Amino acid sequence: MGDQELPGVLILGVGGVEGVLENHVGLLKKNFHLITMKEFLENKKELSEKIKSIFIFECRPTIDRGLLESLPNLKVIANSGVGVDHLDLKLISTFGVKVTNTPQAVSDSTADTGMALMLASARRLVEGCQIAVAPDTEHFAVDWLGVEVTGATLGIIGMGSIGYKVAKRAKAFDMKILYHNRNRRKEEEEQAVGAIYCKKMEDLLQQSDFVMLVVNLTPQTHKLIGKRELELMKPTATLINISRGAVVDQDALVEALQNKVIRAAALDVTYPEPLPRNHSLLKLKNIIITPHIGTATVQATYMMTEEAITNMLAVLNGLPIPSEVCLK
Ligand SMILES: O=C(O)C(=O)CO
């Protein structure tokens with residue numbers, strides 16, 4: 001079958017197809033005719049009928065009514081990554097289009113990122129690195145003491161597949177693990193990682209040395225952690241966020257970090273991303289911020305493309321869909 005006869009996939013990546021890593025393009029080309037947004041806009045008449053799927057790679061595009069209306073044969077939007085808070089699921093569902101994501105591919109790398117942030121913040125790695133490259137011997141001693149992760153209490157908010165993998169890793173650090181989640185995990189799953197369920201999030205906040213946020217962003221989790229929740233945390237505690245920036249009230253976090261209501265924060269996600277250069281969070285010392293690199297590994301990105309392709313082919317061939325996002 002020639003490339004032109006394959007089902008069309010509209011590629012929404014940073015910089016179009018060029019933004020999709022070279023070896024991923026090969027993977028996609030085996031099954032699809034790749035169409036960039038530029039090509040689509042230049043040749044809408046011919047291409048609109050051809051496009052059966054949209055592949056979102058390493059970006060958070062707006063898919064609006066206009067675009068959906070211009071793609072009469074669109075069957076599936078495949079998001080690489082697990083979070084789909086950038087998509088208007090209600091609108092998409094009215095077009096009978098399915099949405100898929102890639103929970104399998106992202107869970108190890110995102111859990112690793114959570115651990116890396118926790119360890120880096122506890123042991124003040126970023127500050128240490130800055131001192132090592134520009135030694136300031138006066139401040140080298142007591143001022144630079146970190147805290148131990150080993151034996152400390154970790155509170156995980158959101159115990160989906162990423163949260164559970166964080167718990168697995170934390171077990172190896174002899175951490176006491178608490179978790180809060182809409183649904184309690186099975187007893188054997190809790191026992192396997194030694195996790196204790198906290199029905200009330202408040203109990204977890206009060207008892208944890210490290211609080212890690214691993215929830216999806218939904219109307220229910222928007223600003224889940226605000227002034228009240230930060231004040232419930234120990235003054236020695238650290239907040240780690242690997243979910244979405246808007247799960248935390250950032251103004252309240254700035255205040256809490258300035259006033260030492262909590263010890264520190266380590267964030268892989270903020271709102272907006274990136275933060276404007278004059279943002280108050282960037283002026284604080286007791287914070288680490290990374291640029292949303294939860295899944296930024298060679299392995300995870302490749303697996304994300306593989307998982308997205310499997311999802312798209314399943315939809316187009318009427319097979320069971322491995323990772324379909326519930327649109328309700
Ligand atoms: O998978 C996602 O949605 C992520 O943001 C991982 O960091």
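Looking at an unreviewed UniProt entry, one finds the chain named Glyoxylate reductase/hydroxypyruvate reductase and attributed to Crocodylus porosus. Listed under Sequence similarities (unreviewed entry) in UniProt, the entry text for the chain is "Belongs to the D-isomer specific 2-hydroxyacid dehydrogenase family."

(A) Representation of the sheet that holds strand β4 (residues 76-79) within the structure. Read across the sheet, five strands follow the order β2-β1-β3-β4-β5 without closing on themselves; strand pairing throughout is parallel. At either end of the open sheet lies a strand with only one pairing partner, and these are β2 (33-36) and β5 (98-100). Adjacent strand axes in the sheet meet at a mean angle of 25°, parallel and antiparallel pairs treated alike. Bridge count between strand β3 (residues 51-57) and β4: four bridges; the pairing is parallel. Across the sheet, the residue bridging to S53 is V76, located in β4. Sheet strands in contact with helix α1 (residues 22-29) are β1 (8-13), β2 and β3, and its direction is about 125° off that of β2.

(B) Fine view of the pattern of salt bridges. What the rule picks out here adds up to 15 salt bridges. A salt bridge links D85 to R244; the nearest nitrogen and oxygen atoms lie 2.9 Å apart. In this pair, D85 sits in the loop between β4 and α5 (89-94) while R244 sits in the loop between β10 (238-241) and α12 (250-258), placing the two residues 159 residues apart along the sequence. Given the relative accessible area of 26%, D85 is considered partly exposed. Of the charged contacts in the structure, one is a salt bridge between D112 and R169, with a shortest N-O distance of 2.7 Å. In this pair, D112 is assigned in helix α6 (residues 103-122) and R169 in helix α8 (residues 161-171), connecting sequence segments 57 residues apart. Taking relative accessible area as the criterion, D112 reaches 42% and is therefore assigned partly exposed. Residue R169 is classed as partly exposed on the basis of its relative accessible area of 21%. Residues joined in a network through salt bridges with shared partners are D108, D112, K165 and R169.

(C) Region of the structure containing the sheet that holds strand β11 (residues 264-267). Strand order in the open sheet formed by seven strands is β8-β7-β6-β9-β10-β11-β12, with parallel pairing between adjacent strands. Lying at the two open borders of the sheet, with one neighbouring strand each, are β8 (195-197) and β12 (287-289). Each strand of the sheet is rotated relative to its neighbour by a mean of 20°, with strand direction disregarded. Of the strand pairs in this sheet, strand β6 (residues 153-157) and strand β7 (residues 176-180) are connected by five bridges, and their pairing is parallel. Looking across to β7, one finds that G155 is bridged to L178. Running at roughly 150° to strand β9 (residues 210-213), α6 makes contact with β6, β9, β10, β11 and β12 of the sheet. In the packing of α12 onto the sheet, the strands contacted are β10, β11 and β12, and the crossing angle to β11 comes to about 140°.

(D) Geometry of the nonpolar core. Counting 32 residues, the largest nonpolar core has M118, L154, I156, V166, M175, F210 and M212 as its most contacted members. Considering each element in turn, this core owes the most residues, eight residues, to α6. Those residues in contact with I156 that sit more than four places away from it in its chain are G163, V166, A167, I177, L178, Y179, H180, L204, M212 and V214.

(E) Seen up close, the site of the ligand. As a matter of local geometry, the ligand sits amid G81, V82, G83, V106, T110, R244, H292, G294 and T295. Measuring from an oxygen atom of the ligand, one finds a backbone N or O atom of G83 at 2.8 Å. Contact between the ligand and H292: an oxygen atom at 2.6 Å from a side-chain N or O atom of the residue. The class makeup of the residues in the shell around the ligand is two nonpolar, six polar and one charged. Both domain 1 (8-105 + 297-317) and domain 2 (106-289) contribute no fewer than three residues apiece to the shell around the ligand.

(F) Fine view of the layout of surface pockets. Its boundaries defined by the atoms lining it, the second largest pocket holds a volume of some 490 Å³. Residue lining of the second largest pocket: 24 residues in total, with R124, E127, K285, N286 and I287 positioned closest to the centre. Tallied by class, the residues present in the lining of the second largest pocket amount to 14 nonpolar, four polar and six charged.

(G) Examining the domain arrangement of the chain more closely. As far as domains go, the chain holds domain 1 (8-105 + 297-317) and domain 2 (106-289). Look at where the C-alpha atoms of domain 1 and domain 2 centre, and you get two points 32 Å apart. Taken residue by residue, the interface counts twelve residues in domain 1 and seven residues in domain 2. A combined buried area of about 670 Å² lies between domain 1 and domain 2, and 50% of that area is made up of carbon and sulfur atoms. Counting across the interface, domain 1 meets domain 2 through one salt bridge. One can count four residue pairs in polar contact (both at pLDDT 80 or more) joining domain 1 with domain 2. When contributions to the side of domain 1 that touches domain 2 are tallied by element, the ones reaching two or more residues are α6 and α13 (298-316). With three residues, α6 is the single largest residue contributor to the side of domain 1 that touches domain 2. The residue inventory of the side of domain 1 that touches domain 2, partitioned by class, reads five nonpolar, five polar and two charged.

Cut-off values and rules
Residues numbered from 1 in each chain as written. Predicted model: local features only at pLDDT ≥ 70, side-chain atom pairs only at ≥ 80, totals over all residues. Heavy atoms only, no water. UniProt positions renumbered as here; feature names shortened; annotations may be inferred. Pairing = 2+ DSSP bridges. Helix = DSSP H or I, 4+ residues; strand = E, 2+ residues; numbered from the N terminus. Axes fitted to C-alpha atoms, helices over the stretch in contact; angles between N-to-C directions. Contact = heavy atoms within 4.5 Å. Salt bridge = Lys/Arg side-chain N within 4 Å of Asp/Glu carboxyl O. Buried < 20%, exposed > 50% of the residue type's maximum accessible area, 1.4 Å probe, protein only. Core = buried A, V, L, I, M, F, W, Y, C linked by side-chain atoms within 4.5 Å. Near = heavy atom within 4 Å. Polar contact = N/O pair within 3.5 Å; in protein donor to acceptor, adjacent residues only side chain to side chain. Nonpolar A, V, L, I, M, F, W, Y, C, P; charged D, E, K, R; others polar. Domains from an automatic or database assignment. 1 Å grid on protein atoms, 1.4 Å probe; cavity = no way out; pocket = protein on both sides within 12 Å on 5 of 7 lines; lining within 4 Å. Points joined across faces, edges and corners; volume = space filled by probe spheres on them. Buried area = accessible area lost by both parts, 1.4 Å probe.

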